Amino acid sequence: MKLEKLKKKVAFEALKFVPFKQIIGIGTGSTISYFIKYLSKIKDKIIGVVSSSKKTTKILKKYGIKIFKLNEVNYLPVYIDSADEINKNMEMIKGGGAALMREKIIASASKKFICIIDKTKKVNILGKFPLPVEVLPMSYKYVKNELKKIGGNVIRRKNIITDNNNYILDINDFFILNPKNIEKKINNIPGVLSVGIFSKRKPDVLLIGKNSRIETIFKKF
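Predicted model, so just to flag it, every value in this text is computed and none were measured.

### Description of the layout of surface pockets
1) Next: Estimates place the volume of the largest pocket at around 300 Å³.
2) Next: Lining the largest pocket are 13 residues; nearest its centre among them are Ser51, Phe68, Lys69, Leu70 and Arg102.
3) Next: At the level of secondary structure, the elements contributing two or more residues to the lining of the largest pocket comprise β2 (48-51), α3 (54-62), β3 (67-68) and α4 (100-109).
4) Next: Considering each element in turn, the lining of the largest pocket owes the most residues, three residues, to α4.
5) Next: The class makeup of the residues in the lining of the largest pocket is six nonpolar, four polar and three charged.
6) Next: Size it by volume and the second largest pocket reaches roughly 230 Å³.
7) Next: Residue lining of the second largest pocket: 17 residues in total, with Thr28, Gly29, Ser30, Asp84 and Gly97 positioned closest to the centre.
8) Next: Among the residues forming the lining of the second largest pocket, the class breakdown is two nonpolar, eight polar and seven charged.

### Some points on the packing of aromatic side chains
1) Next: Evaluation of the coordinates by the stated rule reveals three aromatic pairs.
2) Next: Between Tyr79 and Phe113 the ring centres are 5.3 Å apart and the planes differ by 50°, which places this aromatic pair in the tilted class. With a gap of 34 residues between them, Tyr79 in strand β4 (residues 76-81) and Phe113 in strand β7 (residues 110-118) connect regions that are remote in the sequence. For the residue pair Tyr79 and Phe113, the accessibility class agrees, reading buried in each case.
3) Next: The cationic tip of Lys104 hangs over the ring face of Phe198; the distance from NZ or CZ to the ring centre is 4.9 Å.
4) Next: The aromatic ring of Tyr167 is capped on one face by Arg156, whose charged end is 3.6 Å from the ring centroid.

### Let's talk about a positive patch on the surface
1) Next: Together, Lys2, Lys5, Lys8, Lys37, Lys41 and Lys62 make up a positively charged patch on the protein surface.
2) Next: Structurally, Lys37 is set in helix α2 (residues 30-39).

### Quick look at the sheet that holds strand β14 (residues 214-218)
1) Next: Read from one edge of the open sheet, seven strands run β3-β2-β1-β4-β7-β13-β14, paired in mixed fashion. At either margin of the open sheet sits one strand with a lone partner, and together these are β3 and β14.
2) Next: Bridging between strand β1 (residues 23-26) and β2 involves four bridges; their strand directions are parallel. If you follow Gly25 over to β2, its bridge partner there is Val50.
3) Next: Across the sheet, helix α1 (residues 3-13) is in contact with β7, β13 (205-209) and β14; its angle to β7 comes to roughly 155°.

### Some details on helix α6 (residues 179-187)
1) Next: Of the positions making up α6, those classed as buried are Pro179, Ile182, Glu183 and Ile186. All buried residues of α6 project into a common sector of 100° when viewed along the axis, lining one side. For α6, the exposed residues set more than 90 degrees away from the buried face come down to Lys180 and Lys184.
2) Next: Residues of α6 that are buried sit in contact with α4, β8 (131-135), α5 (140-150), β10 (167-172), β11 (192-195) and β12 (197-198).

### What about the environment of Ala14?
1) Next: Structurally, Ala14 can be placed in the loop between α1 and β1.
2) Next: Residue classification places Ala14 among the buried positions, given a relative accessible area of 0%.
3) Next: In sequence terms Ala14 and Lys121 are 107 residues apart; their C-alpha atoms lie 17 Å from each other.
4) Next: Beyond its immediate chain neighbours, meaning those up to four positions away, Ala14 contacts Phe35, Ile80, Ile116 and Leu207.

### Description of the pattern of salt bridges
1) Next: Under the criterion given, the structure shown has 10 salt bridges.
2) Next: With a closest N to O distance of 2.8 Å, Asp81 and Lys94 form a salt bridge. With a gap of 13 residues between them, Asp81 in strand β4 and Lys94 in the loop between β6 (92-93) and α4 connect regions that are remote in the sequence. Residue Asp81 shares its accessibility class with Lys94, and that shared class is buried.
3) Next: Among the ionic pairs, Glu103 bridges to Lys94, the shortest N-O distance being 3.3 Å.
4) Next: Counted as one network, the salt bridges with shared partners bring together Asp81, Lys94 and Glu103.

The rules behind these values
- Residues numbered from 1 in each chain as written.
- Predicted model: local features only at pLDDT ≥ 70, side-chain atom pairs only at ≥ 80, totals over all residues.
- Heavy atoms only, no water.
- 1 Å grid on protein atoms, 1.4 Å probe; cavity = no way out; pocket = protein on both sides within 12 Å on 5 of 7 lines; lining within 4 Å.
- Points joined across faces, edges and corners; volume = space filled by probe spheres on them.
- Helix = DSSP H or I, 4+ residues; strand = E, 2+ residues; numbered from the N terminus.
- Nonpolar A, V, L, I, M, F, W, Y, C, P; charged D, E, K, R; others polar.
- Phe/Tyr/Trp six-rings, centres within 6.5 Å; stacked < 30°, edge-to-face > 60°.
- Buried < 20%, exposed > 50% of the residue type's maximum accessible area, 1.4 Å probe, protein only.
- Lys NZ or Arg CZ within 6 Å of the ring centre and 35° of its normal.
- Patch = residues over 30% accessible without salt bridge, like charges linked within 9 Å, V, L, I, M, F, W, Y side chains within 5 Å.
- Areas by Shrake-Rupley, 256 points an atom, 1.4 Å probe, with all protein chains shown as cover.
- Salt bridge = Lys/Arg side-chain N within 4 Å of Asp/Glu carboxyl O.
- Lys, Arg positive; Asp, Glu negative; His and termini not counted.
- Charge placed at Lys NZ, Arg CZ, Asp CG, Glu CD.
- Pairing = 2+ DSSP bridges.
- Contact = heavy atoms within 4.5 Å.
- Axes fitted to C-alpha atoms, helices over the stretch in contact; angles between N-to-C directions.
- Arc of directions from axis to C-beta.

The analysis is restricted to geometry; functional conclusions fall outside its scope.
This is the structure we're talking about:
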């Protein structure tokens, strides 16, 4: 089955986790774009959405789905997003769309995190996909040098300013054997606003689009 069909398939499956008469959180990316299209068919059954990016907000507005700011919401029952990579421990790399900081905030604010991916995103070791780090513009050279000490090849992402008016540094050729430690270590560098490792806030449910079926994995407590 072609990749786009797998994305559509798993995006449609995620509708099962949408609670009616609630506000939900939604992430960013191509799989999420398909999910929003399907969500628009039942938009009258939800109150609205907290969006993780300007790109997602634009798509939501296209379909006439009401948008709320996180500060306007007291309770988010569900956050639905995708991942660039995820391992067997449900630890992820996110941020290919440069929305990692808002994604991490909304995921952390939500009671349940549903992650939807196609089969190519499942990996044994995180790091084939470049690890994004959102940094303050004034600090990016300092942070870049500090990241080099940790490992990998650090490159500022060209022509990208995040929705928060910051830069993205991508760490290439950096295989992450202990995501929790690396997430903490990078977050402790002054000037870093967020790193694209999600090891503290893992998905509660992972849906994987495969050729013959949808595999559902629940987080182990």
